[in-house]
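Take a look at the letters that make up each chain.
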Amino acid sequence: MFKAPRGTADTLPEEQPYWRYIQDKALELCRLYGYGCISTPAFEDAGLFARSVGEGTDIVNKEMYLFKDRSNNELALRPEGTAPVCRAYIEHGMDNLPQPVKLFYFADIFRYERPQAGRYRQHHQFGCEAIGDPSPVLDAEVINMALNFFTSLGLANFSLQLNSIGCRKCRPGQLQKLKDYYTPLAPQLCADCQVRLDKNPLRLLDCKKPGCQAAADEAPKSSDYLCDECAQHFSSLRTYLSALGVRYVLNHRLVRGLDYYTRTVFEIQPAEGGSQSALGGGGRYDDLIALIGGKSTPAIGFATGMERIVLNLVNQGITVPPAEKPAVFIACMGGNARVEAVKLAAKMRDAGIAVISSSGERSLKAQLRYANAAGASYAAIIGEDEVKAGVVILRNMETGEQQEMQPGDLIKLAGNGQ
Ligand code: AMP
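Residues numbered from 1 in each chain as written. Predicted model: local features only at pLDDT ≥ 70, side-chain atom pairs only at ≥ 80, totals over all residues. Heavy atoms only, no water.

A. Up close: the site of the ligand. Inspection of the region around the ligand gives 14 residues, with Arg111, Glu113, Tyr120, Arg256 and Ala278 positioned closest. Between a nitrogen atom of the ligand and a main-chain N or O atom of Tyr120, the distance comes to 2.9 Å. The separation between an oxygen atom of the ligand and a polar main-chain atom of Gly280 is 3.3 Å. Look at the ligand: alone it shows 480 Å² of surface, and the protein chains cover 92% of it. For the shell around the ligand, the secondary structure elements donating two or more residues are strand S6 (122-131) and strand S11 (299-305). Looking at the shell around the ligand residue by residue, the class counts come to 4 nonpolar, 5 polar and 5 charged. (Near = heavy atom within 4 Å. Polar contact = N/O pair within 3.5 Å; in protein donor to acceptor, adjacent residues only side chain to side chain. Areas by Shrake-Rupley, 256 points an atom, 1.4 Å probe, with all protein chains shown as cover. Helix = DSSP H or I, 4+ residues; strand = E, 2+ residues; numbered from the N terminus. Nonpolar A, V, L, I, M, F, W, Y, C, P; charged D, E, K, R; others polar.)

Structure, rendered in structure tokens:
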């Protein structure tokens, strides 16, 4: 027996209403904020991610699905959505468009992680990227947009965690402070963090191991070592967030798992579930486009995990619009009736009415049981007598009431949604 690979999931028809609900809210959000949809391939040159997400990150070191195709190209299933969008921005000369260019995507994301509740090896993200504007006004807008998205879904009890991790200019100073602080503590750190101390000290701050967390709590705060421009940017962002009435928690340990971030980083955390269960996150990535071969272009974005949102919708008891049920089920008995049923079903669908048609191989009782299970409001029943009289019997599936009518009248009735 084959099973879905570990860490992947099938989304069955009964779960689809949640996905549809989230997608509809996302599309409305993007309409309100002027974002256009972009789709990029599920795989890219592996180097794109090594260069942007960073050689020292878990995503690149441990989690990428790497493969060589039959022409020996080194490819990776996308482990995140931002670098591909930036690659497309460069490749299609979007720097010639009025800036910022605002793009959103729905994408499946592949990471070889340890599967657990809300953590998959293939998950789905809705993400937004605003490329070509350095202003903190945009940071505030993007953060507010992310919050408005979760609010529009009916979710409550989440917090905005905010930090600034500086830029190329001030980062080396911050990293040195971290190294100075952590070096004497090295023996107490986990094996991963001992490597991070050397390769990627910022990552020390978000280690989830208890011993490392205690050390991180007391670590120097990046926001205390920002250069003047970054400090000014952060302070302006906070002013705009306050103007928008956005509440946030300053979290100096928030650094995010990808190297390309500069200045603003943020995460939206549900009240329950801890730091591993973020609903979404994002930040500014002013160096990323230059890193992958474009002109230096400031940008900011966020992404949110669809599976995490579904989990939170279910946990918070939020009901979503159910899937549409068929209006009419057509049951038939006998060869001539079957021909009429086939014709009627085609005509009703031409009129835009959702119909399920029975092949008429089973008893009427079995056909009506199926109609019931499918949630049809009405059944149109055709037997040999009805064929002769040129009528159908319409049965209200809820009340069991039946009436005879002309097929044309049935189409009018069902077409009016009655
Ligand atoms: P990231 O690209 O790591 O910032 O992730 C953005 C969002 O995607 C997170 O806030 C989560 O909601 C979601 N996410 C990240 N990794 C996973 C995963 N392995 N399984 C499910 N959702 C995830």
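Having put the structure on the table, let's press on.
B. Inspection of the domain arrangement of the protein chain at higher detail. Split into domains, the protein chain comes out as domain 1 (13-170 + 226-315) and domain 2 (328-412). Here the C-alpha centre of domain 2 lies 50 Å away from the C-alpha centre of domain 1. (Domains from an automatic or database assignment.)

C. Molecular detail of the side chain of Glu113. Note on placement: Glu113 falls in the loop between strand S5 (101-110) and S6. Ignoring sequence-local partners within four residues, the contact set of Glu113 consists of Glu63, Arg119, Tyr120 and Arg121. (Contact = heavy atoms within 4.5 Å.)

D. Quick peek at the environment of Ala331. Structurally, the position occupied by Ala331 is in strand S12 (residues 328-332). Taking relative accessible area as the criterion, Ala331 reaches 0% and is therefore assigned buried. In sequence terms Ala331 and Ile22 are 309 residues apart; their C-alpha atoms lie 36 Å from each other. Dropping the residues within four chain positions of it, Ala331 is found in contact with Ser358, Leu364, Gln367, Ala380, Ile381 and Ile382. (Buried < 20%, exposed > 50% of the residue type's maximum accessible area, 1.4 Å probe, protein only.)

E. The arrangement of the packing of aromatic side chains in detail. Scanning the entire structure with this criterion turns up 13 aromatic pairs. Grouped by ring-pair contacts, the aromatic residues Phe104, Phe106, Phe126, Phe149, Phe150, Phe158 and Phe302 constitute a single cluster. Lying over the aromatic face of Tyr112, Arg121 brings its terminal NZ or CZ to 3.9 Å of the ring centre. Across from the ring centre of Phe234, 5.6 Å away, lies the NZ or CZ of Arg238, which sits over that ring. (Phe/Tyr/Trp six-rings, centres within 6.5 Å; stacked < 30°, edge-to-face > 60°. Lys NZ or Arg CZ within 6 Å of the ring centre and 35° of its normal.)

F. Looking closely at the sheet that holds strand S1 (residues 36-37). The 8 strands lie next to each other as S1-S5-S6-S11-S10-S9-S7-S8, forming an open sheet whose pairing is mixed. Two strands bound the open sheet, and with one partner strand each, they are S1 and strand S8 (249-250). Sheet topology note: the strand S7 (residues 158-164)/strand S9 (residues 262-270) ladder contains 7 bridges and is antiparallel. Residue pairing for S9: Gln161 is matched across the bridge by Glu267. Of the strands in this sheet, S5 and S6 touch helix H1 (residues 16-33), which is tilted by about 160° from S5. Packed on one face of the sheet, helix H5 (residues 136-152) meets S5, S6, S7, S9, strand S10 (280-284) and S11 and runs near 15° to S11. (Pairing = 2+ DSSP bridges. Axes fitted to C-alpha atoms, helices over the stretch in contact; angles between N-to-C directions.)

G. View of the sheet that holds strand S14 (residues 378-382). Judged by pairing direction, the sheet is mixed, and its 5 strands sit side by side in the order S13-S12-S14-S15-S16 without closing on themselves. Edge positions in the sheet fall to strand S13 (355-357) and strand S16 (402-405), since each of these pairs with one other strand and no more. When strand polarity is set aside, the average angle formed by the axes of neighbouring strands in this sheet is 25°. Relative to S13, S12 is paired through 3 bridges, and the arrangement is parallel. Paired with Ile330 across the bridge in S13 is Ser357.

H. Local environment of the nonpolar core. Membership of the largest hydrophobic core comes to 51 residues, with the highest contact counts inside it found for Ile131, Tyr182 and Leu205. Apart from residues lying up to four places away in sequence, Ile131 is in contact with Val85, Cys86, Tyr89, Gln99, Pro100, Val101, Tyr285, Ile289, Thr297, Pro298 and Ala299. By size, the runner-up hydrophobic cluster in this structure holds 45 residues, among which are Ala26, Phe150, Cys167 and Met306. (Core = buried A, V, L, I, M, F, W, Y, C linked by side-chain atoms within 4.5 Å.)

I. Examining the state of the cysteines more closely. A complete count under the given rule lists 0 disulfides for this structure. No disulfide involves Cys128; its nearest neighbouring cysteine sulfur is the one of Cys30, lying 4.1 Å away. As a non-bridged cysteine, Cys230 has Cys167 as the owner of its nearest cysteine sulfur, 3.5 Å distant. Looking at Cys230, the relative accessible area reads 1%, which means it is buried. (Disulfide = S-S within 2.5 Å.)

J. Layout of the packing of H5 against helix H9 (residues 228-243). Here H5 crosses H9 at 45°, and the two axes come no closer than 8 Å. One element, H5, and the other, H9, form an angle in the oblique class. Relative to H9, the crossing made by H5 is right-handed. Listed contacts from H9 to Pro136, Val137, Asp139, Ala140 and Ile143 of H5 are His233, Ser236, Leu237, Tyr240 and Leu241. Here the residues of the contact of H5 with H9 sort into 7 nonpolar, 2 polar and 1 charged. (Parallel < 35°, antiparallel > 145°, perpendicular 65-115°, else oblique. Left-handed = near helix turned anticlockwise from the far one by under 90°.)

K. Structural detail: helix H13 (residues 364-374). Turning to H13, its buried residues are Ala366, Gln367, Leu368 and Ala371. Contacts from the buried residues of H13 go to S12, S14 and strand S15 (392-396). Remark: Gly375 follows H13 within two positions and exhibits a positive phi of approximately 80°.

L. Highlighting the packing of H1 against helix H11 (residues 306-315). In contact at an axis separation of 10 Å, H1 and H11 are set at 110° when each is read in the N-to-C sense. When the axes of H1 and H11 are compared, the pair comes out roughly perpendicular. In the packing of H1 onto H11, the handedness of the crossing is right-handed. Note on element contacts: H11 touches H1 through Met306, Glu307, Ile309, Val310, Leu313 and Val314, opposite Tyr18, Trp19, Tyr21, Ile22 and Gln23. Of the residues belonging to the contact of H1 with H11, the class tally is 9 nonpolar, 1 polar and 1 charged.

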